[in-house]
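# Architecture and fold: a report
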Amino acid sequence: MEHVREYVQEDPYRFRLDPQDGMRAPGVVFASRELLRDAEKSLEQVVNVATLPGIVGASYAMPDIHWGYGFPIGGVAATDVADGGVISPGGVGFDISCGVRLLAADCDRQALEPALQEVMDGLGRTIPRGAGPGGVWEPDGPGELEAVLEGGSRYAVEQGHGEERDLRRCEDGGAVAAADVGQVSERARERGLVQVGSLGSANHFLEVQQVADVYDEPVAAAFGIVRDQVCVMIHCGSRGLGHQICTDHVRAMDSAMTRYDIQVPDRQLACTPVDSPEGRDYLGAMAAAANYGRANRQLLAQATRRVFQRAAGVRLDLVYDVSHNLAKIETHAVDGEQRRLCVHRKGATRAFPPGHPELPEDLRGVGQPVLIPGTMGTASYVLTGVTGGDAFHSTCHGAGRSLSRHQAARTVGGKQLRARLEADGIAVRPLSPRSLAEETPEAYKDVAAVVEASEGAGLCRKVARLVPVGVVKG
DNA sequence: ATGTTC
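Report on the accompanying structure. As the structure is a computational prediction, the values presented were derived from the model and not from experiment. (Residues numbered from 1 in each chain as written. Chains lettered and ligands numbered in written order. Predicted model: local features only at pLDDT ≥ 70, side-chain atom pairs only at ≥ 80, totals over all residues. Heavy atoms only, no water.)

## Observations concerning the overall build of chain A
Here is the rule: A helix here means a DSSP run of H or I that spans at least four residues, while a strand means a run of E at least two residues long, and both kinds are numbered starting from the N terminus. Here the radius of gyration uses the C-alpha set of atoms, whereas the globule reference equals 2.2 Å times the residue count to the power 0.38. Think of it in three bands: residues with accessible area under 20% of the maximum for their type are buried, residues over 50% are exposed, and the middle band is partly exposed, with areas taken using a 1.4 Å probe on protein chains only. Only the protein chains shown count as cover for residues, and the accessible areas themselves come from Shrake-Rupley with a 1.4 Å probe. Working convention for charge: Lys and Arg count positive, Asp and Glu count negative, and His plus the chain ends are omitted. Charged side chains are reduced to one point each, which is NZ for Lys, CZ for Arg, CG for Asp and CD for Glu.
Counting its regular elements, chain A contains 15 helices and 19 strands. Computed over the C-alpha atoms, the radius of gyration of chain A is 21 Å, within 12% of the 23 Å expected from 2.2 N^0.38 for a compact globule of 474 residues. If you line up chain A on its principal axes, its C-alpha atoms span 65 × 50 × 45 Å. Split into buried and exposed, the 474 residues of chain A put 63% on the buried side. Accessible surface computed for chain A: about 17,500 Å², of which carbon and sulfur atoms make up 47%. Separation of charge centres in chain A, based on 50 positive and 62 negative side chains, amounts to 4 Å.

## Examining the protein's contact with DNA strand B
For clarity, the threshold we go by: Distances are taken per atom, and a residue is near a molecule or strand as soon as one of its heavy atoms is within 4 Å of it. Pairs of N or O atoms are called polar contacts if they sit within 3.5 Å, as long as, within protein, a hydrogen donor faces a hydrogen acceptor (for residues adjacent in sequence, only side-chain-to-side-chain pairs). All residues other than Ala, Val, Leu, Ile, Met, Phe, Trp, Tyr, Cys, Pro, Asp, Glu, Lys and Arg, Gly among them, are scored as polar; the first ten of these are nonpolar and the last four charged.
Inspection of the region around DNA strand B gives 15 residues, with R191, Q195, A202, N203 and R239 positioned closest. Taking the atoms of DNA strand B that fall within 4 Å of the protein, sugar and phosphate contribute 57% of them. Within the side chain of R239, an N or O atom sits 3.0 Å from a phosphate oxygen of DNA strand B. At the level of secondary structure, the elements contributing two or more residues to the surface near DNA strand B comprise α7 (186-193) and α9 (239-256). Classifying every residue of the surface near DNA strand B by side-chain character gives 3 nonpolar, 8 polar and 4 charged.

## Regarding the environment of P12
Secondary-structure assignment places P12 in the loop between β1 (8-11) and β2 (14-17). Assessed through its relative accessible area of 56%, P12 is described here as exposed. Separated by 441 residues in the primary sequence, P12 and A453 have C-alpha atoms spaced 8.8 Å apart.

## Overview of unusual backbone geometry
Here A202, not a glycine, exhibits a phi torsion of approximately 60 degrees, which is positive. Note on A202: relative accessible area 27%, which makes it partly exposed.

## Observations regarding the sheet that holds strand β3 (residues 27-30)
Going by this rule: Whether two strands pair comes down to DSSP finding at least two bridges between them. Only C-alpha atoms enter the line fits that serve as axes; for helices the fit covers just the stretch in contact. Angles between N-to-C directions range over 0 to 180 degrees.
One open sheet accounts for 7 strands, arranged β1-β2-β3-β4-β5-β13-β12; its pairing is mixed. Only two strands of the sheet have a single partner each, and these edge strands are β1 and β12 (325-334). On average, each strand axis in the sheet is tilted by 25 degrees relative to the strand beside it, whichever way the strands run. Of the pairings in the sheet, the one linking strand β4 (residues 55-66) to strand β5 (residues 73-80) comprises 5 bridges and is antiparallel in character. Counted as the bridge partner of A61 is G75 from β5.

## Thoughts on the nonpolar core
Short version of the rule: Note on terminology: a nonpolar core comprises buried Ala, Val, Leu, Ile, Met, Phe, Trp, Tyr and Cys residues joined through side-chain atoms within 4.5 Å. Any pair of residues with heavy atoms lying within 4.5 Å of one another is described as a contacting pair.
Among the nonpolar cores identified, the biggest contains 50 residues, and L52, I87, I96, L149, L241, I245 and M286 are the most heavily contacted of them. When residues of this core are traced back to their parent elements, those giving at least two are β6 (86-87), α5 (142-158), α9, α10 (277-312) and β12. Ranked by residue count, the leading element in this core is α10, at 11 residues. Residues within four places of I96 in sequence aside, it is in contact with S238, G242, I245, C246, Y282, M286, A289, A290, N325 and L326.

## Considering the packing of aromatic side chains
Worth spelling out the cut-off: Any two rings among Phe, Tyr and Trp, with Trp reduced to its six-membered ring, count as a pair given centres within 6.5 Å; such a pair is stacked if its planes are under 30 degrees apart, edge-to-face if over 60, and tilted if neither.
Summed over the entire model, instances satisfying the criterion amount to 4 aromatic pairs. Taking 5.6 Å as the distance between ring centres and 80 degrees as the angle between the ring planes, the aromatic pair formed by Y7 and F15 counts as edge-to-face. Y7 gets classed as partly exposed once you look at its relative accessible area, which sits at 25%. Taking relative accessible area as the criterion, F15 reaches 0% and is therefore assigned buried. Geometrically, the ring pair formed by Y69 and F94 is edge-to-face, given 5.1 Å between the ring centres and 85 degrees between the ring planes. Remark: F94 occurs in the loop between β6 and β7 (99-108) and Y69 occurs in the loop between β4 and β5; sequence separation between them is 25 residues.

Structure, rendered in structure tokens:
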């Protein structure tokens, strides 16, 4: 059953898997030869996604591809809404609207130095993290939770948790339209009520960073970043609420699928047509979770601003906020014709090119900021979208795991890792030694190689490299 | 990713 997939190298960073075994489109993997070797097992999932009804173009995989639920993480697939195209919760993932927000400080690393420990202590006390309940803010009841699910960052800002300018630097202006709170189960609401403004665990983090390299000064300037500047990167998602929504709707689709005569090679690819009651229900619930994730990042950013202001007199401006786990209805040219597509991006980041009409005016000339969280010992990147990028304006999303959590914790002790990081000048505020060890940089692929391959494949361009100064982790 | 196995 499991066999090695044959592929053809089309370009230095592009490999094609020709259709076979029920595939309705080819597979296309963007990677270096070396990254592709790490990804061989996951090609099976690229092939499986290519069998989905209505798929157009190809089943794409980004250079940070690894094994996921149904779809690979690092997968991009678009289906044609008017041609029976399906929506699959597995193509978004359990952490709906997981994403990254980057803030830029009005000071450089040297200026922050005297206040750094106080800032880190403040963040360590203030930022809720780890599994379970607890957030920086709690809706005053079920009604206000619905306002969050409908309004996302926009609602948070309206309530005084941020600035109007923030919304112009958020994907979709801070809120996805068409959230359907009626499709958010009671259990999802219960979990969501007590986690607004919380980081979560595993690879989620809040980092104080320093801009170590600028590759494109004019674009970096338009984004609002310069060399040596202090930045804050927040990587988190929609917590238990998004997880519950995924669980609920996978179950609903799994039992509805036969009614649409849809067969998939893996039950985890449960899906129904976008244009079906179950498809619409999921998309409405997914949009609600997306807004929850955005409000979550907005509130964490606001808590971070208060700490920086109080401890260092430093101000933080939003660079951008973008998700890397989401499905969206977008219009793209397919064989010269404009088509409405459902674009699944799972562990893949939207990367609009310069001139895209959905970009705010001050970014229109340079393209969309793409935020790539790395690991706590290495680096993170800021990229920009490019003209002519393939895969429906998408690129990579991070380093991608190479060791399991268990394997990672066996390679190093948490205390030992913390000592090593601090010796490298990185302040660490972990929740526990064990959780820190599970996130050791050695457990991830080389994020620089992932970014290199993404740029080499023509999906994006490098703008800046950020290195960690202080790490807050669940 | 996740009240880390309903």
